[in-house]
2 protein chains.
Amino acid sequence: MDTLKKNWFTEACELWPGGTFSFEVKEVLYNERSEYQNVQVFDTTSLGRVLVLDGIIQCTQKDEFSYQEMISFLPLCCHKNPEKVLIVGGGDGGVAREVAKHPKVKEIVQVEIDAKVIEVSKKYLPFMAVGFDSPKLTLHVGDGFEFMKNHSQEFDVIITDSSDPIGPAVSLFQENYFSLMKSALKPNGIVCSQAGTVWNDIELVTSTLSHCKKQFPAAAYGYTSVPTYPSGQIGFVIGSLDKDVEFDKPTISFTREDEKAMNLRYYNSEVHKAAFVLPTFVKYQLS
Amino acid sequence: MDTLKKNWFTEACELWPGGTFSFEVKEVLYNERSEYQNVQVFDTTSLGRVLVLDGIIQCTQKDEFSYQEMISFLPLCCHKNPEKVLIVGGGDGGVAREVAKHPKVKEIVQVEIDAKVIEVSKKYLPFMAVGFDSPKLTLHVGDGFEFMKNHSQEFDVIITDSSDPIGPAVSLFQENYFSLMKSALKPNGIVCSQAGTVWNDIELVTSTLSHCKKQFPAAAYGYTSVPTYPSGQIGFVIGSLDKDVEFDKPTISFTREDEKAMNLRYYNSEVHKAAFVLPTFVKYQLS
């Protein structure tokens, strides 16, 4: 236990008892309670800047690109013409940054409930908050649930970049949320939601996918590698109103030049296909 | 820091400074120094039994199947007829357990340097040490390097299940080790070595692959997800004397019935192909 010294932050959560990840802190940049949650930003010795909400790591400068690229490009590249996109959550700006890169996206609407997260990200996490500068984006501070009730058949793609399902975010993993998103989609629309890890909570993955399947004629679970999330693996439930969609066949292929121009560090067309290939214990649990 | 209490074991290593993983210990089952290293076995609240060597997690009951299946079946299923297999290291028995399952494998030779690891695994980790019971296996206690010097052109596949490259294991990541393995292989033989994670040490992955490429006409890096290893991702360098090998096209496909009969929980033919699909930042670093 000699590494457990001062200046180390330890993440622990009831969702994954018995194991914790800790990182060494160079400087506490921010530590305040917002209206909704405790918001912390750290500068660290090995992960760059780190955003923590209610004690849970949301993103680190070292590996956030894997999460942001995959939650954005998987659904965008499953859609034939993703012109108008809604982002629910994503207050750090990282998903907006990625969505804005896609050549077919014309308009992005984002609804984040916590203005403090946006403000703090703009100040301390500019590498993600740069997403807020996109001329394609209209940013609302408010409740995504309420927003969608007033917007029907409006979006091609809805991406839900939520925190984990404890506290207020629980509702974003339930069937009525998928029903609400469905009503806000245009024909052939696609949704993509953060849906947890198969290693620590395969029941959550199973139930979220099941809720999605009840509302959408096609649904799948895809995943990526994010070292600083519990288990190092996190996935997404994707649903489509197009029953003939083939999630593992991207509708658009990017060349190496495209990848460079868009600064894609994780996503490529082969990674897209592989994201839907499930380990045996997951494949049969989810089928 | 309130989770950092008694009965938690913390893994920390110079290979990944600034971040640590900790787990809650129910019982310390074994804690002694062998001739080569410190050997610990814990019973834990969330990971089952855990083997730790020199302070580094080697395997946990929760997720060891991913590592053992992938380091074994990736090379075995790249070879057309893997009849005779050498395992270097792997003193817990997990790799032997997997290799013995492959229908074409007739004979397994294993060389593990530390008799204490074998003994402790048989006593406390029977779910892996069951591998030692295979009638296909001949187990030697000794130095894999020395063993191979006396066995030329003898094996179809050589699997190196080593600890991380600090201390004695450093030599297993260098070019002369790949040269030695090459001499111990039959024509068209294949090697597969634990080769680290792209997230924490892409230089190690790059250099190990480079050493392999200098000795083998075909080489690749494949990877899998192991939550309790640093970054949750670990990979393997695979080299083949068959210059026409296609690593991402398994030579044998298993049916669902095969998978069940062999108790394959991670590996399947689609996972095999996907294991060689690299994230963009890795693809161009390794090419």
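Q: Please provide a residue-by-residue account of the overall build of chain A, values included.
A: Per the secondary structure count, chain A includes 10 helices and 12 strands. A burial count over chain A gives 63% of its 287 residues as buried. Considering only contacts in chain A between residues 6 or more positions apart, those separated by 24 or more positions represent 66%. Carbon together with sulfur atoms contributes 48% to the accessible area of chain A, which is approximately 10900 Å² in total. Here chain A holds 28 positive side-chain charges and 37 negative ones, and the gap between their average locations is 4 Å.

Q: Run through the relation of the copies chain B and chain A, naming residues and quoting values.
A: Overlaying chain B on chain A yields an RMSD of 0.0 Å, the required transformation being a rotation through 180 degrees with an accompanying axial translation of 0.0 Å. Classification of the inter-copy transformation places it as that of a two-fold axis. Here 100% of the interface residues in chain B have copies in chain A that are interface residues too; the copies meet face to matching face.

Q: Provide a residue-level description of the packing of aromatic side chains, including the pertinent values.
A: Residue and element names in this part refer to chain B. Enumeration over the complete set of coordinates arrives at 36 aromatic pairs over all chains. Centroid distance Phe23 to Phe42: 5.7 Å. Interplanar angle 70 degrees. Geometry classified as edge-to-face. Note that Phe23 is positioned in strand 2 (residues 19–33) and Phe42 in strand 3 (residues 38–44), a separation of 19 residues in sequence. Neither residue differs from the other here; Phe23 and Phe42 are each classed as buried. Relative to Tyr124, the ring of Tyr30 has its centre 6.2 Å away and its plane inclined at 45 degrees; by these criteria the two rings are tilted. Taken as a pair, Tyr30 in strand 2 and Tyr124 in helix 3 (residues 115–124) lie far apart in primary sequence, 94 residues in all. With respect to burial, Tyr30 and Tyr124 carry one shared label: buried.

Q: Describe in detail the domain arrangement of chain A, supporting the description with residues and values.
A: Residues and elements named next belong to chain A. Segmentation of chain A into domains returns domain 1 (8–60) and domain 2 (64–286). Inter-centroid distance (C-alpha atoms) of domain 1 to domain 2 is 22 Å. Taken together, the contact between domain 1 and domain 2 spans 22 residues of the former and 21 residues of the latter. At the boundary of domain 1 and domain 2, one finds 0 salt bridges. Applying the counting criterion to the domain 1 and domain 2 interface returns 6 residue pairs in polar contact (both at pLDDT 80 or more). Looking at the side of domain 1 that touches domain 2, the elements that each hand over two or more residues are strand 2 (19–33), strand 3 (38–44), strand 4 (49–53) and strand 5 (56–60).

Q: Break down the packing of helix 6 (residues 175–184) of chain B against helix 7 (residues 202–215) of chain B for me, citing the residues and quoting the values.
A: All names here are of chain B. Remark: helix 6 packs on helix 7, axes separated minimally by 8 Å, with the N-to-C direction vectors making an angle of 40 degrees. If you check the angle between helix 6 and helix 7, you find them oblique. Relative to helix 7, helix 6 is oriented so that their crossing is right-handed. Here Glu175, Phe178, Ser179 and Lys182 of helix 6 come into contact with helix 7, specifically with Thr208, His211, Cys212, Lys214 and Gln215. Looking at the contact of helix 6 with helix 7 residue by residue, the classes come out as 2 nonpolar, 4 polar and 3 charged.

Q: So what about the interface of chain B and chain A? Which residues, and what values?
A: Each partner contributes residues to the interface: chain B has 46 residues there, and chain A has 46 residues. Of the roughly 3600 Å² buried between chain B and chain A on both sides combined, carbon and sulfur atoms contribute 60%. In this structure, the connection of chain B to chain A is made through 0 salt bridges. The interface formed by chain B and chain A contains 25 residue pairs in polar contact (both at pLDDT 80 or more). Put simply, the parts of the chain that give the side of chain B that touches chain A at least two residues each are strand 1 (8–11), strand 2, helix 1 (64–76), helix 8 (256–261), helix 9 (269–274) and helix 10 (280–286) of chain B. A total of 6 residues in the side of chain B that touches chain A trace back to one element, the largest contributor, which is strand 2 of chain B. Taken together, the residues of the side of chain B that touches chain A sort by class into 21 nonpolar, 16 polar and 9 charged. With 5 bridges connecting them, strand 2 of chain A and strand 2 of chain B associate as antiparallel partners. Pairing of Gly19 of chain A across the sheet is with Phe23 of chain B, part of strand 2 of chain B.

Q: Give me empty space enclosed by the protein: which residues, what numbers.
A: Scanning the model with the defined rule gives 3 cavities of 30 Å³ or more in all. Together, 22 residues line the largest cavity, and Tyr223, Tyr266 and Ala274 of chain A together with Tyr223 and Ala274 of chain B are the ones closest to its centre. Elements with a minimum of two residues in the lining of the largest cavity: strand 11 (218–225) and helix 9 (269–274) of chain A together with strand 11 (218–225) and helix 9 of chain B. Grouping the constituent residues of the lining of the largest cavity by class yields 14 nonpolar, 8 polar and no charged. Computed from the structure, the second largest cavity encloses a volume of approximately 40 Å³. Residue lining of the second largest cavity: Ser225 and Tyr266 of chain A together with Val198, Trp199, Tyr221, Tyr223, Gln233, Leu278, Pro279 and Val282 of chain B, and that is the complete set. Of the residues in the lining of the second largest cavity, the class split is 8 nonpolar, 2 polar and no charged.

Q: Mind laying out the environment of Ile57 of chain B, listing which residues take part and the relevant values?
A: All names here are of chain B. The residue Ile57 is located in strand 5 (residues 56–60) in this model. Ile57 sits in the buried class, given a relative accessible area of 3%. With 118 residues separating them in the primary sequence, Ile57 and Glu175 have C-alpha atoms 26 Å apart. Every residue in contact with Ile57, bar those within four places of it in the chain, is listed here: Glu11, Phe21, Phe23, Val50, Leu51, Val52, Thr228 and Tyr229.

What counts as what
- Residues numbered from 1 in each chain as written.
- Chains lettered and ligands numbered in written order.
- Predicted model: local features only at pLDDT ≥ 70, side-chain atom pairs only at ≥ 80, totals over all residues.
- Heavy atoms only, no water.
- Helix = DSSP H or I, 4+ residues; strand = E, 2+ residues; numbered from the N terminus.
- Buried < 20%, exposed > 50% of the residue type's maximum accessible area, 1.4 Å probe, protein only.
- Contact = heavy atoms within 4.5 Å.
- Areas by Shrake-Rupley, 256 points an atom, 1.4 Å probe, with all protein chains shown as cover.
- Lys, Arg positive; Asp, Glu negative; His and termini not counted.
- Charge placed at Lys NZ, Arg CZ, Asp CG, Glu CD.
- Least-squares fit on C-alpha atoms with pLDDT ≥ 70 in both.
- Phe/Tyr/Trp six-rings, centres within 6.5 Å; stacked < 30°, edge-to-face > 60°.
- Domains from an automatic or database assignment.
- Salt bridge = Lys/Arg side-chain N within 4 Å of Asp/Glu carboxyl O.
- Polar contact = N/O pair within 3.5 Å; in protein donor to acceptor, adjacent residues only side chain to side chain.
- Axes fitted to C-alpha atoms, helices over the stretch in contact; angles between N-to-C directions.
- Parallel < 35°, antiparallel > 145°, perpendicular 65-115°, else oblique.
- Left-handed = near helix turned anticlockwise from the far one by under 90°.
- Nonpolar A, V, L, I, M, F, W, Y, C, P; charged D, E, K, R; others polar.
- Buried area = accessible area lost by both parts, 1.4 Å probe.
- Pairing = 2+ DSSP bridges.
- 1 Å grid on protein atoms, 1.4 Å probe; cavity = no way out; pocket = protein on both sides within 12 Å on 5 of 7 lines; lining within 4 Å.
- Points joined across faces, edges and corners; volume = space filled by probe spheres on them.

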